[in-house]
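The chain contents come next:
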Amino acid sequence: MQKYRVADLGKYVGQEVELKGWLYNKRDIGKVRFILVRDGSGIVQGVMVKNNLPEEVWDKFDDLTLETSLIVRGTVREEKRAPGGYELDVTDIEIFQIADGYPITKKSHGVEFLMDHRHLWLRSKKQWAIMRIRDEIQSAIMDFLREQGFVRIDAPILTSSAAEGTTTLFEVDYHGDKAYLSQSGQLYMEAAAMAHGKVYCFGPAFRAEKSKTRRHLLEFWMVEPEMAWVTFEENLEIQENMVSYIVERVLKNRRNELEILERPIEPLEKVKPPFPRVTYDEAIEMLKKSGDPELEKIEWGEDFGAPHETYISNKFDKPVFITHFPTKMKAFYMQPDPNRPEVVLAADLLAPEGYGEIIGGSERIYDYDLLKQRIQEWGLPEEDYQWYLDLRKYGTVPHSGFGLGLERTVAWIAKLPHIRETIPFPRMLHRMVP
RNA sequence: UCCGGGGUAGCUCAAUCGGCAGAGCAGCGGACUGUUAAUCCGUUGGUUGAGGGUUCGAGUCCCUCCCCCGGAGCCA
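In this numbering scheme, every chain counts its residues from 1 along its sequence in written order. Chain A is the first chain written and ligand 1 is the first ligand written, with later ones labelled in order. Note on the predicted model: pLDDT of at least 70 is required for a residue's local features to be given, and 80 or more for side-chain atom pairs to be given and counted; whole-chain, interface and lining totals, by contrast, use all residues. With hydrogens and water set aside, each side-chain value is computed from the structure's full complement of heavy atoms.

A. Just the overall build of chain A, in detail. Each helix and strand counted, chain A has 14 helices and 18 strands in total. Referenced to the eigenvectors of the C-alpha coordinate spread, the extents of chain A come out at roughly 85 × 55 × 40 Å. With a 1.4 Å probe rolled over the protein chains alone, any residue whose accessible area is under 20% of its type maximum counts as buried; one over 50% counts as exposed, and the rest are partly exposed. The buried share of chain A, reckoned over its 434 residues, is 50%. Whether two residues are in contact is decided by their heavy atoms, any of which lying within 4.5 Å being enough. The long-range fraction of contacts in chain A, counting pairs at least 24 apart against all pairs at least 6 apart in sequence, stands at 67%. Separation between the mean location of the 58 positive side-chain charges and that of the 70 negative ones in chain A comes to 5 Å. Strands are runs of DSSP state E lasting at least 2 residues, helices are runs of H or I lasting at least 4, and numbering of each runs from the N terminus. As used throughout, the charge tally considers Lys and Arg to be positive and Asp and Glu to be negative, leaving His and the chain termini uncounted. Here the site of a charge means NZ on Lys, CZ on Arg, CG on Asp, or CD on Glu.

Here is the structure:
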């Protein structure tokens, strides 16, 4: 293992250190040569001066190619001109393996080429920054929920039927039976919430729709908290607190990565509770008055498309909740508004800057008879939902939960044009390799 | 699945009306003591996605197929 890391070089000014890593770039201007070395924690520039180096060390520069693995020794020096503030006066280079013909060069590449080389693209500076922001968001989510008393409960990936009966699922052979890759762990979390009070699952979800947009993956990660004795309003408060905490953590711990991505931080600094709430009815009214003939076509009872969401969210500089959707539009398990049964106690959270829905949540039906009726109305196979109905039979309580899409959250916070760069190895309609 | 755009050197792209397939970068050789995608000089590199057709002649026109990108629907 390496003792010294590029990220910690500030601690070793004036000292000799040994870095183990890869050649990121090199430049040669004659009797002075520069090597950029990355070690996973960061990138540092090493300086080689011909008059100060033994010839055999000086000559090793000629063999270095992009992504050659090496061990570099040198003295750390503070340097204002260097990104990061430190440089290494190289004293020795030990080549581990010369990388011959590294495909990703310093010039521009197209998406297809980069995606074909995703296993190597991950080494690039921006991709490195994105993965570290993703990691910070995941950690922030887990820390927040743990702090709030949630227990992490893992949901199964292989399931016997659709959770919501709406979306297309990936079918797998289950020793002769049909099984499906999970599209949501929610129903299982409802069971677990009756055991632990507050629970969440955090894992992959699968949707087999042939989606081909910048907001969709076939395999994505979702965190799904579920809480007993929590009603609609309290559910929204937890969501806005969690999202605000996530943003705060990224601003605190991943400032450098945001800079690498040239992500403006002012919009993120505004993300503090409470978030604005707009009812579905109000949203329809806003669209009707938008002045855009396409948007004005929408009628009550229709779902929003991406342009509708963008229009609404652009009216606010924070994430915005859209609440009280028509019952017919939403999943079978959502609790109707007691005052208006034609709408449900559900809310979507739209991220700012046109990033669309990052959370979908609701209060769940706790009444046995109503839930049974809904299962029938939605035409779902009742026998598959017996265990789910049991939860309403043995000590039912009001409960609520939500699902937050990790990749969409990363895309928004990192301000990326496409969701495919937010996950290490994206699974898309025409992409399963690498 | 539908609509639109595209496939030319390792990469990113150009090629006028159908008339000798080009440039930048990468690679290779050389110059340069502070470079930040370094710069400068020289140089190698082609089954134009596949198949068929029209033509004296096709990267270019026609037909079939394959692949990619963007958008729609679905949703996180």
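B. View of the pattern of salt bridges. Here, a salt bridge means any side-chain nitrogen of Lys or Arg that lies within 4 Å of a carboxyl oxygen of Asp or Glu. Applying the stated rule across the entire model yields 35 salt bridges. The salt bridge involving Asp116 is made with Arg431; its shortest N-O contact spans 2.8 Å. Note that Asp116 is positioned in helix α2 (residues 111-116) and Arg431 in the segment after α14 (406-414), a separation of 315 residues in sequence. The class for Asp116 is partly exposed, based on a relative accessible area of 38%. Under the relative-accessibility criterion, Arg431 is labelled buried at 13%. We note a salt bridge from Arg254 to Glu136, for which the minimum N-O separation is 3.8 Å. Of this pair, Arg254 sits in the loop between α6 (232-253) and α7 (255-260) while Glu136 sits in helix α4 (residues 125-147), and the two are 118 residues apart along the sequence. Both residues of the pair, Arg254 and Glu136, count as buried.

C. How the structure looks around the domain arrangement of chain A. By convention here, the domain bounds are inherited from an automatic or database domain assignment. Parsing chain A into structural domains produces domain 1 (6-97) and domain 2 (118-422). When each unit is reduced to the centre of its C-alpha atoms, the spacing between domain 1 and domain 2 is 46 Å. Tallying the contact residues gives 8 residues for domain 1 and 5 residues for domain 2. Counting the surface lost from both domain 1 and domain 2, the interface buries some 450 Å², and carbon and sulfur atoms represent 48% of this. When two parts are brought into contact, each loses some accessible area as probed by a 1.4 Å sphere; the total of that loss over both is the buried area. The three residues of domain 1 that bury the most area against domain 2 are Tyr24, Arg38 and Gly40, which together make up 54% of that side's buried surface. Summed over the shared surface of domain 1 and domain 2, the result is 1 salt bridge.

D. Structural context of helix α12 (residues 368-377). Taken residue by residue, α12 has Leu370, Leu371, Arg374 and Ile375 as its buried positions. One side of α12 holds all its buried residues, which, seen down the axis, span an arc of 140°. On its buried side, α12 packs onto β14 (336-337) and α13 (386-390). Polar contact is defined as a pair of N or O atoms within 3.5 Å, subject to the rule that within protein one atom must be able to donate a hydrogen and the other to accept it, and that residues adjacent in sequence are counted only when both atoms are side-chain atoms. The N-capping residue of α12, defined by a side-chain oxygen 3.2 Å from the backbone nitrogen of Asp369, is Asp367. Just downstream of α12, Gly379 is the residue with a positive phi angle, here 70°. The directions from the helix axis to the C-beta atoms form the arc being described.

E. Seen up close, the packing of aromatic side chains. Classification of ring pairs uses Phe, Tyr and Trp, with its six-membered ring standing for Trp, and accepts pairs whose centres are within 6.5 Å; under 30 degrees between planes counts as stacked, over 60 as edge-to-face, and the remaining range as tilted. Scanning the model with the defined rule gives 14 aromatic pairs in all. On the numbers, 6.1 Å between centres and 35° between planes, the contact of Phe275 with Phe321 is tilted. With Phe275 in the loop between α8 (266-269) and β12 (277-279) and Phe321 in strand β13 (residues 320-323), this residue pair connects regions lying 46 residues apart in the sequence. One exposure class covers both Phe275 and Phe321, and it is buried. Taken together, a centroid distance of 5.5 Å and an interplanar angle of 80° make the contact between Phe332 and Tyr385 edge-to-face. One end of the pair, Phe332, is in the loop between β13 and β14; the other, Tyr385, is in the loop between α12 and α13, and 53 residues separate them in sequence.

F. Structural view of the nonpolar core. For the purposes of this section, nonpolar cores are sets of buried Ala, Val, Leu, Ile, Met, Phe, Trp, Tyr and Cys residues that join through side-chain atoms within 4.5 Å. Membership of the largest hydrophobic core comes to 49 residues, with the highest contact counts inside it found for Ile137, Ile141, Met242, Trp412 and Ile413. Examining the composition of this core, we find that 10 residues originate from one element, α4, more than from any other. Not counting residues within four places of it along the chain, the set of residues in contact with Met242 comprises Ile141, Phe144, Leu145, Val223, Phe402 and Leu404. Membership of the second largest hydrophobic core comes to 31 residues, among which are Leu295, Ile322, Met329 and Tyr385.

G. Summary view of the protein's contact with RNA strand B. We call a residue near a molecule or strand whenever a single non-hydrogen atom of that residue lies within 4 Å of it. Close to RNA strand B lie 47 residues, the nearest being Asn25, Asn51, Glu87, Arg207 and Arg214. Restricting attention to atoms of RNA strand B within 4 Å of the protein, one finds that 49% of them are sugar or phosphate atoms. Here a base oxygen of RNA strand B and a side-chain polar atom of Arg408 are 2.4 Å apart. Only β1 (16-28), β2 (32-38), β3 (43-49), α2, β11 (219-228) and β17 (356-364) provide two or more residues apiece to the surface near RNA strand B. If you tally residues by element for the surface near RNA strand B, the top one is β17, at 4 residues. Counted by class, the surface near RNA strand B contains 11 nonpolar, 17 polar and 19 charged residues. Here the nonpolar group is Ala, Val, Leu, Ile, Met, Phe, Trp, Tyr, Cys and Pro; Asp, Glu, Lys and Arg are the charged ones; every other residue, Gly included, is treated as polar.

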